[in-house]
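Take a look at the letters that make up each chain.
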Amino acid sequence: MLALDISGLEMRFPGLDTPVLSLPRLHLPAGRQLAVTGASGSGKSTLVNAITGLETATSGSVSWGETNISALPTGRRDAFRATHIGLVMQDFHLFSGLSAFENVMLPARLSRRLTPAARERALHLLETTGIARPHQNIETLSRGEMQRVAVARALLSKPGVIVADEPTASLDRRTGEDVSELIVRLARQEGATLVVVTHDLALMERLDRRIALDGGRIVEDSAEVRAA
Amino acid sequence: MIRFILADLNRFKAGAFAVVILIALSVALSVTVTLQERAVRLGSARAAEKFDLLVGAAGSETQLALSAEFLQPSPLPLMSGRVLAKLSVDPRVDFAAPVGFGDYADGHPVVGTTSKLIAALSPALAQGAAFASLGDAVIGADVPKRIGAEIKPMHGGAEEGGHTHTEIVYTVTGRMAPTGTAWDRAILVPIRAVWQLHGMSSYDAHDHGDETHGSVEPEGHEHKAHVSVDAAIDEHFDVETPGIPAVLVKPKTIADAYRLRQEYRGEATLAVFPAEVLTRLYATLGDARGLLLAIAIGTQIIVIAAVLLVTIMHVSARQRQIGALRAFGAPRRAVVAIVWGELFLLFLAGFAAGLVIGYGTAHLISATLTATIAIRMPVEFAREDLSLAFWFVGLAVLVSILPALSTLRLSPARALRS
Ligand SMILES: Nc1ncnc2c1ncn2[C@@H]1O[C@H](COP(=O)(O)OP(=O)(O)OP(=O)(O)O)[C@@H](O)[C@H]1O
Ligand SMILES: [Mg+2]
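This text gives an overview of the structure that appears in the document. Nothing here was measured: the structure is a model prediction, and the numbers come from that model.

Thoughts on the sheet that holds strand 2 (residues 21–28) of chain A
Two strands in a sheet stick together by hydrogen bonds in their backbones, pointing the same way (parallel) or opposite ways (antiparallel). Residues and elements named next belong to chain A. Pairing in this open sheet of four strands is antiparallel, and the strands run 2-1-4-5 from one edge to the other. Both edges of this open sheet fall to strand 2 and strand 5 (67–68), since each of them pairs with a single strand only. Note that strand 1 (residues 4–11) and strand 4 (residues 59–64) share five bridges and pair antiparallel. Note that in strand 4 the partner of Glu-10 across the bridge is Ser-59. Against the sheet, helix 1 (residues 44–52) touches strand 1, strand 2 and strand 4, its axis set at about 120° to strand 1.

Thoughts on the nonpolar core
If you look at the biggest cluster of nonpolar residues, it comprises 77 residues, and the most contacted ones within it are Ile6(A), Leu9(A), Ile51(A), Trp64(A) and Leu325(B). Of all the elements, helix 11 (residues 332–373) of chain B adds the most residues to this core, at ten residues. When sequence neighbours within four positions are dropped, the list of residues in contact with Leu9(A) reads Leu21(A), Ser22(A), Leu23(A), Ala50(A), Ala57(A), Ser59(A), Gly60(A) and Val62(A). In this structure, Val149(A), Ala152(A), Leu186(A) and Ala187(A) belong to the second largest nonpolar core, which totals 37 residues.

Quick notes on a nonpolar patch on the surface
All names here are of chain B. Together, Phe-17, Ile-21, Leu-25 and Ile-357 line one region of the surface with nonpolar side chains, adding up to about 380 Å² of accessible area. For the nonpolar patch, the element with the highest residue contribution is helix 2 (residues 13–48), accounting for three residues. Mapped onto the secondary structure, Phe-17 falls in helix 2.

Observations regarding the interface of chain B and chain A
How big an interface is tends to be reported as the loss of accessible area on association of its parts. At the junction of the two partners, chain B supplies 25 residues and chain A supplies 28 residues. Buried area between chain B and chain A, both sides added, is near 2200 Å², and the carbon and sulfur share of it is 60%. Connecting chain B to chain A are three salt bridges. Between Asp78(A) and Arg326(B) there is a salt bridge, with the nearest N and O atoms lying 3.0 Å from each other. Across the chain B-chain A interface, the total number found is six residue pairs in polar contact (both at pLDDT 80 or more). Of all the elements in the fold, those that place two or more residues in the side of chain B that touches chain A are helix 1 (2–11), helix 10 (319–327), helix 11 and helix 13 (412–417) of chain B.

Re the pairing of strand 1 (residues 53–57) of chain B
All names here are of chain B. Of all five residues that make up strand 1, five are buried, and the element is covered over most of its length. As judged from the four bridges shared by strand 1 and strand 11 (residues 246–251), these two strands associate in the antiparallel manner. What sits directly across from Leu-53, in strand 11, is Val-249. Where strand 1 meets strand 12 (residues 269–272), four bridges bridge the pair, whose relative direction is antiparallel. What sits directly across from Leu-54, in strand 12, is Val-272.

Some remarks on empty space enclosed by the protein
The tally for this structure, following the rule as stated, stands at four cavities of 30 Å³ or more. Taken as a whole, the largest cavity holds about 40 Å³ of empty space. Forming the walls of the largest cavity are Leu98(A), Glu102(A), Leu106(A), Arg109(A), Met1(B), Arg3(B) and Phe4(B). The element best represented in the lining of the largest cavity is helix 3 (residues 100–110) of chain A, accounting for three residues. Class assignment of the residues belonging to the lining of the largest cavity gives a composition of four nonpolar, no polar and three charged.

What about the environment of Ile118(B)?
Residues and elements named next belong to chain B. Here Ile-118 is to be found in helix 5 (residues 115–121). Spatially, the C-alpha atoms of Ile-118 and Trp-183 are 9.8 Å apart, while their sequence positions differ by 65 residues. Ignoring any residue separated from it by four or fewer positions in sequence, one finds Ile-118 in contact with Pro-123, Leu-125, Phe-131, Val-138, Met-176 and Leu-188.

About the cut-offs
Residues numbered from 1 in each chain as written. Chains lettered and ligands numbered in written order. Predicted model: local features only at pLDDT ≥ 70, side-chain atom pairs only at ≥ 80, totals over all residues. Heavy atoms only, no water. Pairing = 2+ DSSP bridges. Helix = DSSP H or I, 4+ residues; strand = E, 2+ residues; numbered from the N terminus. Contact = heavy atoms within 4.5 Å. Axes fitted to C-alpha atoms, helices over the stretch in contact; angles between N-to-C directions. Core = buried A, V, L, I, M, F, W, Y, C linked by side-chain atoms within 4.5 Å. Buried < 20%, exposed > 50% of the residue type's maximum accessible area, 1.4 Å probe, protein only. Patch = residues over 30% accessible without salt bridge, like charges linked within 9 Å, V, L, I, M, F, W, Y side chains within 5 Å. Areas by Shrake-Rupley, 256 points an atom, 1.4 Å probe, with all protein chains shown as cover. Salt bridge = Lys/Arg side-chain N within 4 Å of Asp/Glu carboxyl O. Buried area = accessible area lost by both parts, 1.4 Å probe. Polar contact = N/O pair within 3.5 Å; in protein donor to acceptor, adjacent residues only side chain to side chain. 1 Å grid on protein atoms, 1.4 Å probe; cavity = no way out; pocket = protein on both sides within 12 Å on 5 of 7 lines; lining within 4 Å. Points joined across faces, edges and corners; volume = space filled by probe spheres on them. Nonpolar A, V, L, I, M, F, W, Y, C, P; charged D, E, K, R; others polar.

Below, the structure is given as structure tokens:
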């Protein structure tokens with residue numbers, strides 16, 4: 001369980017005059033849940049990349065708990081993400097040719113964090129996410145099942161944070177609702193801080209707080225509305 | 001890791017297969033050239049080992065060596081039979097055996113010689129006995145005839161329009177053990193039978209001085225000689241001995257060999273060490289090998305360049321997958337290892353397949369050569385091949401590491417967007 005602290009964060013890309021993302025300050029207490037919305041191109045994915053360390057901040061800092069990840073070198077940042085942040089993406093990014101179980105285990109296996117306990121946990125997570133046959137080849141799963149496997153993979157290393165970028169956008173409404181419910185429930189159970197980019201109103205409603213982005217800036221924040 | 005690499009290769013089966021085949025063929029080319037050159041060299045050196053010195057009429061050394069060692073039909077001039085008479089009684093000579101060519105039976109050369117040569121080629125016969133009378137014949141290990149079979153010699157190969165000798169029919173009395181030389185395909189008969197068959201009783205240097213007819217053959221074809229097949233063989237040669245194309249000589253010592261060669265190098269005769277002639281031929285062969293190998297290495301470079309291109313394209317096509325691996329917690333070294341491992345595995349597979357294909361091809365070529373000229377050409381790897389193999393593996397490591405390192409510069413965020 002980690003708290004998010006952003007200060008003076010700017011993300012710029014070469015060839016663009018204005019920053020794609022500009023967040024003077026954002027604080028999310030540990031264990032809380034944040035929904036991020038906004039039109040296409042408003043900078044939501046850029047925010048996800050910044051807080052997961054997939055992209056380096058142009059300026060400013062992003063901290064999870066005591067760790068300022070924008071100050072870490074690439075290798076250490078990758079390692080931090082691997083151990084503390086569980087990622088769920090819109091298009092699952094599962095690896096074909098492997099089974100559901102192997103997909104869940106792959107990141108741990110490749111970074112040699114493989115333990116018998118991790119195997120147990122992988123099987124347990126697949127059970128919780130409702131995958132009946134963990135050794136089924138990944139290509140033969142339904143899309144809803146694929147996203148569940150991705151959720152199980154995100155949770156394997158017991159991360160303090162779960163970040164999801166439009167996790168239900170490529171699923172139909174019913175399946176999407178199931179997956180939303182699963183993510184929120186598991187984040188609570190595991191006591192992880194949760195950041196979800198979504199357009200899904202039902203999903204937003206399950207979360208504590210909602211911010212809306214436009215042109216890379218926060219134009220609406222449910223926490224401030226409540227405070228006002 | 002391995003599991004992931006295999007699953008990944010499985011997804012790109014066709015491409016991976018094509019790359020492996022490409023590498024395999026280029027490796028096979030070098031392997032075949034190297035092995036085949038060695039096989040020819042070793043095979044002919046072993047064939048030349050049997051005799052130390054060849055004496056023939058003045059002419060081409062190479063022709064003399066090739067005809068007498070490999071029994072290749074080529075027109076050899078005749079020399080005086082006195083040479084054989086002299087060599088036979090020379091104390092420095094272990095044995096001296098005449099060889100008379102020109103006749104064939106079913107494509108096998110019929111060579112007139114003495115029982116001493118048979119004893120030298122095959123100290124113990126595989127079957128039967130050496131010849132005792134003029135109508136007897138001893139066959140090489142590869143001649144498909146049974147003991148007791150009849151042999152009707154033809155003058156010249158059938159394809160050269162030769163005629164059959166009706167005067168004589170040889171009977172097979174023995175078979176030599178395999179020697180791995182051209183003699184395995186030969187039919188050995190008493191030299192005196194050959195002389196009689198061709199109507200030669202004695203050699204007259206004045207009449208035959210510049211004849212290069214290719215065989216023991218008197219002027220014209222007007223011989224109606226009679227050969228008494230039951231007559232006992234006579235292997236004592238005096239000054240009356242008819243002309244012969246070559247004498248195989250086994251000197252007693254190395255010093256004797258050099259002295260004899262010196263002595264028989266003159267106006268009328270020629271003496272050569274077959275090994276020496278072969279060495280000269282190998283120099284030419286070596287040049288050819290150098291050229292072929294250069295071509296083979298050239299194709300390898302082209303293949304490697306093509307493979308490099310394919311893999312760099314492959315890596316950029318896989319950006320998404322590689323970005324995802326990084327995003328979901330695989331360290332960069334793992335990603336590098338995966339890409340590198342995949343490529344290296346393809347190289348190794350291609351290399352192994354190339355070795356097998358090359359080895360097989362060399363065997364096939366050797367077998368074909370052996371079938372035609374009867375010289376066993378051993379296809380074998382040698383120590384020096386190791387350095388070639390190390391070169392290849394080293395190059396493979398280097399070439400496959402390049403695309404792998406290119407993944408280091410990949411931004412996972414950008415890779416995921418694409
Ligand atoms: N590497 C980059 N180089 C240049 N421009 C970029 C780069 N990455 C993102 N952008 C720009 O930044 C802006 C925000 O992109 P981002 O992906 O964060 O939008 P988003 O809110 O996630 O949109 P969507 O809802 O469609 O996913 C876009 O205008 C995009 O073109
Ligand atoms: Mg986006």
